[in-house]
Amino acid sequence: MVVEPPAVERRETLGAYLIPFSVWALAALATVVMWAFAPAHNVNGSCEGIGFGCSPSPRDTIAMFALFFGIPATIGWLGFCAIVTALLNKTMRAKWWVRGLVSLAICLTVSAIAVALILVAG
């Protein structure tokens with residue numbers, strides 16, 4: 001027979017995931033809003049596309065950035081944050097929102113270091 005944990009314990013465990021995943025959702029929403037409001041044609045009248053001196057429109061640039069950078073970054077961010085939050089849930093005796101903020105701080109720090117290393121190496 002499986003005994004369900006009380007709702008308070010479930011909130012204490014799952015609530016910590018809410019903060020880092022909400023930051024990801026806000027970033028995804030910001031990308032969609034930027035894409036929706038970006039011009040579909042180049043402002044200066046230059047040709048659109050890739051190659052032969054042409055450049056993609058701002059809307060296409062955001063879409064390509066989301067495809068080539070956003071999807072791998074999302075997989076890495078969500079995976080890393082899930083692991084960090086699970087470890088903090090097991091080891092840290094604090095309120096769920098404290099564990100969520102600590103998890104967010106760790107994930108943002110590691111992300112910033114990764115971006116800095118990529119920029120330095122490039």
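Relevant structure appears above.
These numbers come from a predicted model, not from an experiment.

Draft legend 1. Representation of the side chain of N42 within the structure. Mapped onto the secondary structure, N42 falls in the loop between α1 (7-37) and α2 (58-91). The exposure class assigned to N42 is buried, which follows from its relative accessible area of 13%. Engagement of the side chain of N42 in a polar contact is seen with the backbone oxygen of S55, the distance being 3.0 Å. If we skip the residues at most four places from it in the chain, N42 touches C47, E48, S55, P56, S57 and P58.

Draft legend 2. Layout of α2. At G70, α2 is deflected by roughly 40°, the largest bend along its length, and proline P72 occurs up to four residues later in sequence. When we look at burial in α2, the residues that qualify are I62, W77, C81, V84, T85, L88 and N89.

Draft legend 3. Fine view of the side chain of T85. Mapping T85 onto the fold places it in helix α2. T85 gets classed as buried once you look at its relative accessible area, which sits at 1%. Side chain to side chain, T85 and S103 meet in a polar contact 2.6 Å long. Dropping the residues within four chain positions of it, T85 is found in contact with A16, Y17, P20 and S103.

Draft legend 4. Expanded view of the packing of aromatic side chains. Under the defined criterion, the tally for this structure stands at 2 aromatic pairs. Aromatic side chains Y17 and F21 sit 6.0 Å apart centroid to centroid with 15° between the ring planes, which places their arrangement in the stacked category. Placement of the pair is Y17 and F21 together in helix α1, with a separation of 4 residues, close to one helical turn. Between the NZ or CZ atom of R59 and the centre of the ring of W35, over which it lies, the distance is 4.9 Å.

Reading the values: rules and limits
- Residues numbered from 1 in each chain as written.
- Predicted model: local features only at pLDDT ≥ 70, side-chain atom pairs only at ≥ 80, totals over all residues.
- Heavy atoms only, no water.
- Helix = DSSP H or I, 4+ residues; strand = E, 2+ residues; numbered from the N terminus.
- Buried < 20%, exposed > 50% of the residue type's maximum accessible area, 1.4 Å probe, protein only.
- Polar contact = N/O pair within 3.5 Å; in protein donor to acceptor, adjacent residues only side chain to side chain.
- Contact = heavy atoms within 4.5 Å.
- Bend = angle between axes of the 7 residues up to and from the residue.
- Phe/Tyr/Trp six-rings, centres within 6.5 Å; stacked < 30°, edge-to-face > 60°.
- Lys NZ or Arg CZ within 6 Å of the ring centre and 35° of its normal.

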